[in-house]
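Architecture at a glance
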Amino acid sequence: MSASTGLNQKDQDSQRTIYFLKRDAELLKQARAPPVQSYTHDLEIETKTDQDLGVPFVRLLGGNEPTESVEMRWKTFNKVWEAQQKEVQDILDTANIQALENIRDFVLSPWDDHRDARISTAIVLPGSNIANHIRLFSQMKTELDALPHVHLVSINSKDCVNFKMALNHIVKHLTEKNNKISAATTATTGDKEDEIRYDKRLRYDLYIVADWCRKLVKSDSQLESLSDMRVVISIDDADSFDVSILSSLLKMLQSYISHIPVKLILSVATSVEVFEEKLPRSMIRLLDGQVINACLNDSLTTILKSTIFSKFGVQNLLLGPKLFNSLIQRQRQSLESIDVYISSLKYAYMSHYYSNPFSCLHLCLDSDLQTTLDKLSDVLTPEHCRALRLLGSFKFQVEKSLDQITPEQLETFLTDDNHLAYVAAMSLQELAYYKSHMLYTLNFLAAFLGAIQDEHADAPNTLPKPLRGITIVDLYPLIVGGDFLTTDVFKELKVAFANSGPPVLAAALYELFNSTTPEKFSELMEKLQSEEYWPIILQFIDFGNEGMTGEDKDTSSPMTFQPIPGSFKTREQITAYAKLQLRVAELIFTEYISNVLVENSIYKYFLNEAFVVDSSNLQENVFVPTQRAAIEMALSNPSHYWGGTSTNNKNDPHLCLLYTLYRESSVFVNIYDWYSSFQSILYRDPDVDPTDDAEWEKKTLALFLQGVAELKFLGIIRDSKRKFECVEKLVWRGL
């Protein structure tokens, strides 16, 4: 009887050591067929590094791109990104203005010097974004240092590992200031007798600070009493402090409340509730706290509105839906860091201008078609034209034109570079036209969507589900991707607008009449001002800029559209407004928004690659890399990691040699066998004495132990509990 009798096929297969690969006949035919000649986009083939350029960009188009185009891409990237970065930095610089004003008012508020008074405390909530903490503390220091007679001391859990060190840090910071003040006073008055010296006191004694305050009041003519000065102690990471250290510090500060005009600022990254649960109740009773919210919840939306969603600036790139959703999802679910988003946005711009030879074509845009064509003809080379005909948008353009042109015209389009430049110039203008209308539609919809959500704020369940919690950030990928007109959001938004009250109509009119409108929406404005709509609108909406035309119109200030009080009460008024709103909704959504977005997607325009970047995989590989795959590749093929081409592995790192032997072993790796194999394949340095085997064994053993420790740290091996002389294998490549 065969040894395999009684085993099923699966069990038999598991015992095999040799397997035969059976290939399908059709697959064999395909494998034997000659390869199809196609244009490859391999970066190593398509680029050429030119050291003489003086710019970090490479020459594209197989290395045939003119040097002028490379320099133009580099200069354009710097120019466009500097403009974007300035917008972002202005927003971040002004994002904490309200919080800084609240902190300033708190510091300057009266000081309660009663011995049983509680510590005046500001609990600042900067959110979980560490980068915002650094920015906020820097701005707060600048703000408080500018105030007269305000002395700021910042401490953190890293510098204050115990209670005495925390007090020492406070005393040391203030006495350093005292030395400067005393030196200035001595220089002007010549008085050296009254200078306070603290040589004989303990460095963590707060009496030093109390004496320093009295000395300062005595020496400064602008200070009449301690109430005119402030000592601000800022704890930058209060929720990371050890509870015992923080409690002892609070007790000590309260005991000196009548001698030191102290104000306490606690920065809490979590929440007030979590922080209160951490502190003992006896410590909470010592604090007279007020909460200052410094979280940048709306900063991301504000940055997006000024960069990606901006209606102005043709040079702004459009992020594709995949890339945009990837950035926003990572921002909302894990990072919550404005600085990481800015870095991701910069990387998107850089990768677009670095790898796209058509990224500068938007510079050729002009309102006149002939001017656009002339600029484009100066930029395009035969290599550019060849690459243009390989774009996906070119293929779509040809398919769209098949029913409109003759075969001769089609042949001209495919072979004549001058005709291709003419079509490209027309397409650039169409793209710019569509882009401006699309972004205006986005901001226009977001304006009255927010008004509709505010109208249902008291009863959020009355708002249709597709509109609950949706913002301009959620509208953008739908509109750019071309799916908006078919979504429930569009249908429900139209119905909600038709059933809304005068505040929603006022919000829509405000957005429409107080911004630069593209052509289609200018027609909408004219139609709304016609006799068919405007007289009825004036019955319900009041606007501050009375008189839409004429010399008396104030164009410097925006029109303030407001519902007229009492115009929406009677049954006749409600009926008349409902009819008006229904007609306005039909006009806006059916006749204009649907017509503006009729092409469904910007990807259906020729040369959309010059305006849109959608490399989500590239972003994820850079900002959210797969660490295991990268580590395995580096260990198994170190030349790939450092970019070498040599196949000689004698100079490979010792860790890579250990990993190679590791891959050839079974589940349990005998330490001695592993070391013996490692020693036998390790390249012996010619500088080492070949006769000194003892020295060589010491060196190899040290390298082996170091490599084993690093593999344990990486989680690739662990000590075996079953076999003490072995280590256990934890990772198999590819599994």
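Residues numbered from 1 in each chain as written. Predicted model: local features only at pLDDT ≥ 70, side-chain atom pairs only at ≥ 80, totals over all residues. Heavy atoms only, no water.

Stated formally: UniProt positions are given in the numbering used here, feature names are shortened, and annotations may be inferred rather than shown by experiment.
In its Sequence similarities (unreviewed entry) section, UniProt records this for the protein: "Belongs to the ORC3 family." The heading Subcellular location (unreviewed entry) in the UniProt record of the protein holds the text "Nucleus".

Quick look at helix α8 (residues 207-219)
The following threshold applies: Numbering goes from the N terminus for both helices and strands, where a helix is a DSSP run of H or I of at least four residues and a strand is a run of E of at least two. The length a helix should cover is 1.5 Å for every residue beyond the first. Throughout this description, buried means an accessible area under 20% of the type-specific maximum (1.4 Å probe, protein chains only), exposed means over 50%, and partly exposed covers the range between.
With 13 residues, α8 extends 18 Å from end C-alpha to end C-alpha; this agrees with the ideal 18 Å at 1.5 Å per step. Where α8 is concerned, the buried positions are I208, V209, A210, D211, W212, C213, K215, L216 and V217.

Some points on the pairing of strand β12 (residues 726-729)
Sheet faces and side chains relate simply in a regular strand, where the side chains alternate between the two faces. We count it as follows: When DSSP finds at least two bridges between two strands, those strands are taken to pair.
Pairing between strand β10 (residues 668-670) and β12: three bridges, direction antiparallel. Each residue of the ladder has a partner; that of F668, found in β12, is E728. Two successive antiparallel strands, strand β11 (residues 717-719) and β12, enclose a turn made up of six residues.

Re the environment of V262
Rules: Residue contacts are defined here by distance: any two heavy atoms, one from each residue, within 4.5 Å place the two residues in contact.
Locating V262 in the fold gives a position in strand β4 (residues 262-267). Considered as a pair, V262 and L152 are 110 residues apart in the sequence and their alpha carbons are 10.0 Å apart. Not counting residues up to four positions away in its chain, the partners in contact with V262 are W111, V231, I233 and I257.

Observations regarding the sheet that holds β4
The pairing of strands in a sheet comes from backbone hydrogen bonds and takes either a parallel or an antiparallel form. Just so we agree on the cut-off: All axes are obtained by fitting lines to C-alpha atoms, using only the stretch in contact for helices, and the reported angles, taken between N-to-C directions, cover 0 to 180 degrees.
Spatially, the five strands line up as an open sheet ordered β2-β3-β4-β1-β5, and their pairing is parallel. Single-partner strands in this sheet number two, and they are β2 (150-155) and β5 (287-293). Neighbour-to-neighbour, the strand axes of this sheet turn through a mean angle of 20°, independent of strand direction.

Notes on the sheet that holds β10
If you walk across this open sheet you meet the three strands as β10-β12-β11, and the pairing is antiparallel. Bordering the open sheet on either side are β10 and β11, each of which pairs with just one other strand. Ignoring strand direction, the axes of neighbouring strands in this sheet form an average angle of 35°. Note: β11 against β12, three bridges, orientation antiparallel. Bridge pairing in β12 places D719 opposite V727.

Brief notes about the pattern of salt bridges
What counts is decided by this rule: A carboxyl oxygen of Asp or Glu within 4 Å of a side-chain nitrogen of Lys or Arg is what we treat as a salt bridge.
Tallying each qualifying case throughout the model produces 13 salt bridges. R104 is paired through a salt bridge with E143; the nearest N and O atoms lie 3.9 Å apart. Here R104 is found in helix α5 (residues 97-108), whereas its partner E143 is found in helix α6 (residues 130-145), with 39 residues between them in sequence. Overall, the relative accessible area of 32% leaves R104 in the partly exposed class. On the accessibility criterion, E143 (28% relative accessible area) is partly exposed.

A word on the pairing of β2
Extensive coverage of β2 is indicated by the burial of five of its six residues. Looking at chain direction, β2 and strand β3 (residues 230-235) are connected through six bridges and run parallel. Its bridge partner being in β3, S154 is matched across the sheet by S234.

Points about the environment of I123
Mapped onto the elements of the fold, I123 is located in strand β1 (residues 119-125). With 112 residues separating them in the primary sequence, I123 and I235 have C-alpha atoms 9.9 Å apart. Residues in contact with I123, not counting those within four places in the same chain, are L266, V268, V272, Q290, V291 and I292.

Concerning the packing of aromatic side chains
For the record, the criterion: Classification of ring pairs rests on two measures: the distance between centres of Phe, Tyr or Trp rings, Trp counted by its six-membered ring, which must be within 6.5 Å, and the angle between planes, read as stacked under 30 degrees, edge-to-face over 60 and tilted in between. Charge over a ring is defined by NZ of Lys or CZ of Arg lying within 6 Å of the ring centre and within 35 degrees of the ring normal.
By the definition in use, this model includes 28 aromatic pairs. Plain terms: the ring middles of F484 and F490 are 5.4 Å apart, the flat faces sit at 75° to each other, and that makes the pair edge-to-face. Neither F484 nor F490 differs from the other in exposure class; each is buried. The side chain of K263 reaches across the aromatic face of F106, ending 5.2 Å from its centre. Positioned above the aromatic ring of Y662 is the side chain of K729, whose terminal nitrogen or guanidinium carbon lies 4.9 Å from the ring centre.

Here we look at the nonpolar core
Note the following rule: In this description, a nonpolar core means a group of buried Ala, Val, Leu, Ile, Met, Phe, Trp, Tyr and Cys residues linked to one another through side-chain atoms lying within 4.5 Å.
Of all hydrophobic cores here, the largest spans 121 residues; its most connected members are L319, F448, Y476, F497 and F589. Discounting chain neighbours no more than four positions away, the residues touching F589 are L445, F448, F490, L493, K494, F497 and S594. Formed by 46 residues, the second largest nonpolar core is a distinct cluster that contains I170, V171, L206 and W212.

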